[in-house]
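Architecture and fold: a report
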Amino acid sequence: MSVCLALQALASMLAARYFARATKQPLGPKPWRSIFVQFSILMIVLMIGNIVQVAFWALLYRSLGAFEDFETAVYFSGVTFTSLGYGDVVLTGRMRLLAPLQAANGLMMFGVTTALFIAAVQHATTEWSATHSAGAQDAG
């Protein structure tokens, strides 16, 4: 779980640094397109962080011999990390105790991802409102 927190912190830092730089750039003639691109890149960076964490858990499962192939380990890890929990692939024995830990870890990490994304949306909304209210005042 500590490794996942470190991976999430790295992805969050990279995403926040990108967004901080991107928001200093002028939006150009089509501001919605610029904002969409900024949010898309932010989302991709954050999701890559989550995907790497899923892969990390899958490697853990493979190293413990829980699954015979990496594909199944990644599938189980992804379903567990997102708390989707289909139940078509399960752990056995004492290793079953890892699944709730991974699910709790995934919920926390997606919470961090969501918080950062919402903060970016709030920032963009504030900037958009400030730009448009200033423009409306200049016109009046």
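Residues numbered from 1 in each chain as written. Predicted model: local features only at pLDDT ≥ 70, side-chain atom pairs only at ≥ 80, totals over all residues. Heavy atoms only, no water.

1. Here we look at the overall build of the protein chain
- Helix and strand content of the protein chain: four helices and zero strands.
- Order of helices (α) and strands (β) in the protein chain, N terminus to C terminus: α-α-α-α.
- For the C-alpha atoms alone, the extent of the protein chain along its principal axes is close to 70 × 25 × 20 Å.
- Looking at the protein chain as a whole, 28% of its 140 residues qualify as buried.
- For the protein chain, long-range pairs separated by at least 24 residues make up 62% of all intrachain contacts whose partners lie at least 6 apart in sequence.
- Approximately 8800 Å² of the protein chain is accessible, and the part contributed by carbon and sulfur atoms is 69%.
- Separation between the mean location of the 8 positive side-chain charges and that of the 6 negative ones in the protein chain comes to 9 Å. (Helix = DSSP H or I, 4+ residues; strand = E, 2+ residues; numbered from the N terminus. Buried < 20%, exposed > 50% of the residue type's maximum accessible area, 1.4 Å probe, protein only. Contact = heavy atoms within 4.5 Å. Areas by Shrake-Rupley, 256 points an atom, 1.4 Å probe, with all protein chains shown as cover. Lys, Arg positive; Asp, Glu negative; His and termini not counted. Charge placed at Lys NZ, Arg CZ, Asp CG, Glu CD.)

2. Things to note about the packing of aromatic side chains
- If you walk through the whole model with that rule in mind, you get seven aromatic pairs.
- Centre to centre, the rings of F39 and F117 are 5.6 Å apart; their planes meet at 55°, and the pair counts as tilted. One end of the pair, F39, is in helix α2 (residues 31–63); the other, F117, is in helix α4 (residues 98–139), with 78 residues separating them in the sequence.
- Feature note: the residues W57, Y61, F67 and F76 constitute an aromatic cluster, connected by ring pairs. (Phe/Tyr/Trp six-rings, centres within 6.5 Å; stacked < 30°, edge-to-face > 60°.)

3. As for the side chain of T113
- By secondary structure assignment, the location of T113 is in helix α4.
- According to the relative accessible area criterion, T113 is buried, its value standing at 9%.
- Filtering out sequence-adjacent residues up to four positions away, T113 remains in contact with Q8, L46 and N50.

4. Looking at the packing of α2 against helix α3 (residues 70–81)
- The N-to-C vectors of α2 and α3 enclose an angle of 125°; their axes lie 8 Å apart at closest approach. Classed by the angle they form, the pair α2 and α3 counts as oblique. Viewed along their axes, α2 and α3 form a crossing whose handedness is right-handed. On α3, the residues that touch N50, Q53, V54, A55, W57, A58, L59, Y61 and R62 of α2 are F70, A73, V74, F76, S77, G78 and F81.
- Class assignment of the residues belonging to the contact of α2 with α3 gives a composition of eleven nonpolar, four polar and one charged. (Axes fitted to C-alpha atoms, helices over the stretch in contact; angles between N-to-C directions. Parallel < 35°, antiparallel > 145°, perpendicular 65-115°, else oblique. Left-handed = near helix turned anticlockwise from the far one by under 90°. Nonpolar A, V, L, I, M, F, W, Y, C, P; charged D, E, K, R; others polar.)

5. A few points about the confidence of the model for the protein chain
- Within the protein chain, residue pLDDT values average 86, and 94% of them lie at 70 or more.
- For the protein chain, per-element mean pLDDT is lowest for α4, which scores 80, and highest for α3, which scores 96. (pLDDT = per-residue confidence, 0-100.)

6. Some thoughts on the environment of A99
- Relative to the assigned elements, A99 resides in helix α4.
- Given a relative accessible area of 17%, A99 falls into the buried group.
- Sequence separation of A99 and G85 is 14 residues, and the distance between their C-alpha atoms is 9.6 Å.
- Look past the residues within four positions of A99 in its chain and what remains in contact with it is Y61, F76, T80 and L91.

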